[in-house]
Amino acid sequence: VVRTVTLNETSNIKLYPNPTVNNVKLFVSSVSQTDIKISVCDITGKLIYTNNVYTQIGGNEFDIDLKHFSDGIYFVTVTQTNRVDVLHIIKQQTE
């Protein structure tokens, strides 16, 4: 299940596979070149991963390595200039 909170409709964001064992892919379809911040927090709100990336116009794919994270639910926040998306991912040992 993906939950998105947006301030406008400038891109399409997907996070897969969900649930995952090790890695997830973040897909961002953007209508402009822009900087985005990817943050991952655990269920308690503790920030455990952050990365600043640059998107090109069109489809962009970024890998997030979760293999060293404990099993559980994580929140992935994608922050752009005028848009914030919050998605959740389930990390588990086996599919």
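Use the structure listed above.
Since the structure is predicted, the reported quantities are computational estimates derived from the model, not experimental observations.

Rules of the game
Residues numbered from 1 in each chain as written. Predicted model: local features only at pLDDT ≥ 70, side-chain atom pairs only at ≥ 80, totals over all residues. Heavy atoms only, no water. Core = buried A, V, L, I, M, F, W, Y, C linked by side-chain atoms within 4.5 Å. Buried < 20%, exposed > 50% of the residue type's maximum accessible area, 1.4 Å probe, protein only. Helix = DSSP H or I, 4+ residues; strand = E, 2+ residues; numbered from the N terminus. Contact = heavy atoms within 4.5 Å. Pairing = 2+ DSSP bridges. Axes fitted to C-alpha atoms, helices over the stretch in contact; angles between N-to-C directions. Salt bridge = Lys/Arg side-chain N within 4 Å of Asp/Glu carboxyl O.

**Remarks on the nonpolar core**
Generally speaking, soluble globular proteins have nonpolar side chains that are buried together.
Then comes step 1: Grouped together as the largest cluster of nonpolar side chains are 18 residues, with contacts concentrated most on Leu15, Leu26, Ile38, Ile64 and Val76.
Then comes step 2: When contributions to this core are tallied by element, the ones reaching two or more residues are β1 (11-16), β2 (23-30), β3 (34-42), β5 (58-65), β6 (72-80) and β7 (83-91).
Then comes step 3: Those residues in contact with Leu15, other than ones at most four positions away along the chain, are Val24, Lys25, Leu26, Ile64, Val76, Leu87, His88 and Ile89.

**Quick notes on the sheet that holds β6**
Then comes step 1: Read across the sheet, 4 strands follow the order β4-β3-β6-β7 without closing on themselves; strand pairing throughout is antiparallel. Each of the sheet's edge strands pairs with one partner strand only, and the pair in question is β4 (47-55) and β7. Looking at each pair of strands side by side, their axes are set apart by 20° on average, direction ignored.
Then comes step 2: With 6 bridges connecting them, β3 and β6 associate as antiparallel partners. Bridging across to β6, Val40 finds its partner in Val76.

**Topic: the pairing of β3**
Then comes step 1: Of all 9 residues making up β3, 7 are buried, and the element is well covered by its neighbours.
Then comes step 2: Both β3 and β4 contribute to a ladder of 8 bridges, which runs antiparallel. Each bridged residue has a counterpart across the sheet, and for Ser39 the counterpart in β4 is Thr50.
Then comes step 3: Here β3 folds back onto β4, and the loop between the two strands holds 4 residues, one of which, Gly45, carries a positive phi near 95°.

**What about the pattern of salt bridges?**
Then comes step 1: Per the stated rule, a full pass over the model turns up 4 salt bridges.
Then comes step 2: A salt bridge links Lys25 to Glu61, with the nearest nitrogen and oxygen atoms 4.0 Å apart. Within this pair, whereas Lys25 is found in strand β2, its partner Glu61 is found in strand β5, the two being separated by 36 residues in sequence.
Then comes step 3: Among the residues examined, Glu61 registers a relative accessible area of 45% and is labelled partly exposed.
Then comes step 4: When the shortest N-O distance is used, the salt bridge between Lys91 and Asp71 registers 3.6 Å. Of this pair, Lys91 sits in strand β7 while Asp71 is found in the loop between β5 and β6, placing the two residues 20 residues apart along the sequence.
Then comes step 5: Owing to a relative accessible area of 6%, Lys91 belongs among the buried residues under this scheme.
Then comes step 6: Residues participating in the shared-partner salt-bridge network are Lys25, Glu61 and Asp63.

Read these as geometric descriptors, not functional statements.
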